[in-house]
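Here is what each chain is made of, one letter per residue.
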2 protein chains.
Amino acid sequence: MAQKKQTIRETDDEARALARRLVSSARCGSLAVLLPDGGHPFASRTAVANDIDRAPVILVSDLSGHTSGLKNDPRVSLLLGAPGKGDPLAHPRITLQCIAERIGRDEERHARIRARFLRRHPKSALYADFADFSFYRLDPASASLNGGFGKAYQLVPGDFLIASPALESLAEMEESAIEHMNGDHADAVEVYARVLAGEKTGKWQISGIDAAGFELVSGDRLVRVEFDAVLEDSGRLAPVLAEMARSARARRG
Amino acid sequence: MAQKKQTIRETDDEARALARRLVSSARCGSLAVLLPDGGHPFASRTAVANDIDRAPVILVSDLSGHTSGLKNDPRVSLLLGAPGKGDPLAHPRITLQCIAERIGRDEERHARIRARFLRRHPKSALYADFADFSFYRLDPASASLNGGFGKAYQLVPGDFLIASPALESLAEMEESAIEHMNGDHADAVEVYARVLAGEKTGKWQISGIDAAGFELVSGDRLVRVEFDAVLEDSGRLAPVLAEMARSARARRG
């Protein structure tokens with residue numbers, strides 16, 4: 001789109017996997033909106049979670065600068081991916097070009113979006129229900145992935161969003177599945193973190209499950225584990241999680 | 001500007017000092033531009049340095065997405081301040097609303113801007129002189145400072161930019177002053193890092209000096225030390241640096 005063709009690589013599975021990880025494991029991002037006074041761009045930091053199809057979700061106050069922009073023009077850009085140590089331009093990041101949609105409190109999806117956001121950001125429970133706060137879902141229309149110097153890709157939403165007939169049914173069982181895994185299978189959760197996510201330290205808990213994988217948190221660390229294939233049937237969740245624990249234990253030896 | 005009045009605190013010296021530190025010690029930032037195709041905002045990560053008055057400077061390729069935006073509409077927004085550990089919204093950050101100005105290679109200030117940028121980002125020497133790369137100076141028109149929850153301020157450029165008749169003369173002597181300090185006064189530089197910047201580890205070097213202070217680098221760490229008062233005369237630089245070393249040594253005991 002905005003980059004000349006010769007600098008854009010052909011999208012491959014590695015690029016798609018990187019995009020999925022970046023979109024699903026961001027605790028915060030840089031949100032660019034258009035200000036009402038003539039459309040000057042405005043960049044600010046925002047906490048981020050994901051809806052059941054991996055679309056980003058934000059929680060904003062009517063009193064903040066970005067919200068007056070969002071309300072005036074729904075076109076936003078969201079930059080995800082932390083700079084980390086070393087050269088900040090060597091670390092992968094993704095820019096999502098989105099249309100922001102306010103989630104009304106009377107909408108059915110409000111409860112699930114609120115629950116998913118609060119699991120990612122427990123402290124936001126202090127203000128999430130204040131009258132001036134609203135959740136917005138950011139619907140991606142396109143994305144620019146930068147995997148480091150010279151590794152630029154243009155993605156379409158299908159490259160990283162989750163499509164499955166089981167999205168809703170998995171969302172309905174998500175909370176109980178998380179409680180069950182963290183409560184009754186803490187050993188499996190620990191093995192997921194050590195073997196599948198490669199984490200050496202930390203006490204890990206599952207903080208979110210969807211049709212494509214799950215998130216693990218330890219303090220401020222958030223890591224994402226993807227299933228081998230997207231679940232098409234919520235009945236597959238338990239056997240897939242059990243099989244992942246079995247194979248992870250076998251790999252650990 | 002975009003935030004309601006009651007949420008904005010009155011700007012005080014502490015807020016100004018925080019803004020100056022954030023603007024002067026960022027290695028990278030999130031840049032929001034307007035894309036040519038209808039003005040959709042676009043956020044991307046960019047390496048950042050500072051001109052002699054602390055205005056941010058970026059180095060961009062004509063092949064990148066943000067540059068086509070910059071060329072089409074000079075209005076940009078730059079978010080500075082790293083999230084760090086813990087709650088990303090608890091960490092201070094500043095959004096600068098700027099007008100971007102391309103620095104032509106034939107302009108007198110090009111050499112100093114290039115030198116300052118390369119000192120901050122030595123690796124960019126590999127591509128800074130490529131034909132498709134250009135420096136842009138981002139002239140701030142206003143700024144939104146967020147010092148953490150409930151600590152929002154609206155700043156004017158005079159709150160954080162450096163004004164002094166000695167800007168140019170200091171820029172002319174900057175390189176030799178840095179070499180002199182790092183070469184002949186490495187002990188003083190070390191004391192600045194330990195005592196004035198509070199750094200416990202690392203091998204530090206001065207990487208930039210202007211009328212308001214200097215930057216120290218150790219690997220990927222960058223810290224800023226401000227003078228007690230802005231220098232109005234470049235002849236004051238040597239005695240001020242000597243006095244700072246003396247008092248820092250005395251504080252260390």
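Below or above, wherever it landed, is the structure these notes cover. All values reported here derive from a predicted model rather than from experimental measurement.

**Some words on the interface of chain A and chain B**
On the chain B side, the residues contacting the 51 residues of chain A number 51 residues. Here chain A and chain B share an interface that buries about 4000 Å² over both sides, 60% of which is from carbon and sulfur atoms. At the surface where chain A touches chain B, the tally comes to 15 residue pairs in polar contact (both at pLDDT 80 or more). In terms of residue count, the dominant contributor to the side of chain A that touches chain B is strand β2 (residues 41-50) of chain A (seven residues). Of the residues contributing to the side of chain A that touches chain B, the split by class is 22 nonpolar, 19 polar and ten charged.

**Comments concerning the packing of helix α3 (residues 108-120) of chain B against helix α4 (residues 167-184) of chain B**
Residue and element names in this part refer to chain B. It is the contact of α3 with α4, at a shortest axis distance of 11 Å, that shows an interaxial angle of 40°. Classified by the angle between their axes, α3 and α4 sit oblique to one another. Between α3 and α4 lies a crossing whose hand is left-handed. Of the residues in α4, those touching α3 at R112, R116 and R119 are E168, A171, E174, E175 and I178. Residue composition of the contact of α3 with α4, grouped by class: two nonpolar, no polar and six charged.

**Looking at unusual backbone geometry**
Residues and elements named next belong to chain A. Positive phi, normally seen in glycine, also occurs at R54, with a value near 80°. Considering the arrangement of structural elements, one finds R54 in the loop between β2 and β3 (56-61). We classify R54 as buried; its relative accessible area is 2%.

**Some points on the packing of helix α5 (residues 186-196) of chain B against helix α6 (residues 237-252) of chain B**
Residue and element names in this part refer to chain B. Following both chains from N to C, one finds α5 and α6 inclined at 55°, their axes separated by 9 Å at the closest point. Classified by the angle between their axes, α5 and α6 sit oblique to one another. The way α5 lies across α6 gives a crossing that is left-handed. Residues D187, A188, V191, Y192, V195 and L196 of α5 form the contact with α6, whose participating residues are L241, A242, M244, A245, A248, R249, R251 and R252. Its residues placed into classes, the contact of α5 with α6 shows ten nonpolar, no polar and four charged.

**So, the environment of G198 of chain B**
Relative to the elements of secondary structure, G198 of chain B occurs in the loop between α5 and β8 (205-210). By relative accessible area, which is 37% here, G198 of chain B ends up partly exposed.

**A look at the sheet that holds β8 of chain B**
Residue and element names in this part refer to chain B. Ordered by their spatial adjacency, three strands build an open sheet running β8-β9-β10, and the pairing between neighbours is antiparallel. The outermost strands of the open sheet, each flanked by one partner alone, are β8 and β10 (221-226). Between one strand axis and the next, the sheet turns by 20° as a mean value, whatever way the strands run. By the bridge criterion, six bridges tie strand β9 (residues 213-218) to β10 in an arrangement that is antiparallel.

**Points about the sheet that holds strand β10 (residues 221-226) of chain A**
Residues and elements named next belong to chain A. Taken in spatial order, the three strands make up an open sheet running β8-β9-β10, and their pairing is antiparallel. Only two strands of the sheet have a single partner each, and these edge strands are β8 (205-210) and β10. Taking the axes of each pair of neighbouring strands and ignoring which way they run, one obtains an average angle of 20° across the sheet. Pairing analysis gives five bridges linking β8 to strand β9 (residues 213-218), with the strands arranged antiparallel. Within the sheet, the bridge partner assigned to I209 lies in β9 and is F214. The strands touched by helix α5 (residues 186-196) are β8, β9 and β10; relative to β9, the strand with the most contacts, the crossing angle is about 95°.

Analysis parameters
- Residues numbered from 1 in each chain as written.
- Chains lettered and ligands numbered in written order.
- Predicted model: local features only at pLDDT ≥ 70, side-chain atom pairs only at ≥ 80, totals over all residues.
- Heavy atoms only, no water.
- Contact = heavy atoms within 4.5 Å.
- Buried area = accessible area lost by both parts, 1.4 Å probe.
- Polar contact = N/O pair within 3.5 Å; in protein donor to acceptor, adjacent residues only side chain to side chain.
- Helix = DSSP H or I, 4+ residues; strand = E, 2+ residues; numbered from the N terminus.
- Nonpolar A, V, L, I, M, F, W, Y, C, P; charged D, E, K, R; others polar.
- Axes fitted to C-alpha atoms, helices over the stretch in contact; angles between N-to-C directions.
- Parallel < 35°, antiparallel > 145°, perpendicular 65-115°, else oblique.
- Left-handed = near helix turned anticlockwise from the far one by under 90°.
- Buried < 20%, exposed > 50% of the residue type's maximum accessible area, 1.4 Å probe, protein only.
- Pairing = 2+ DSSP bridges.

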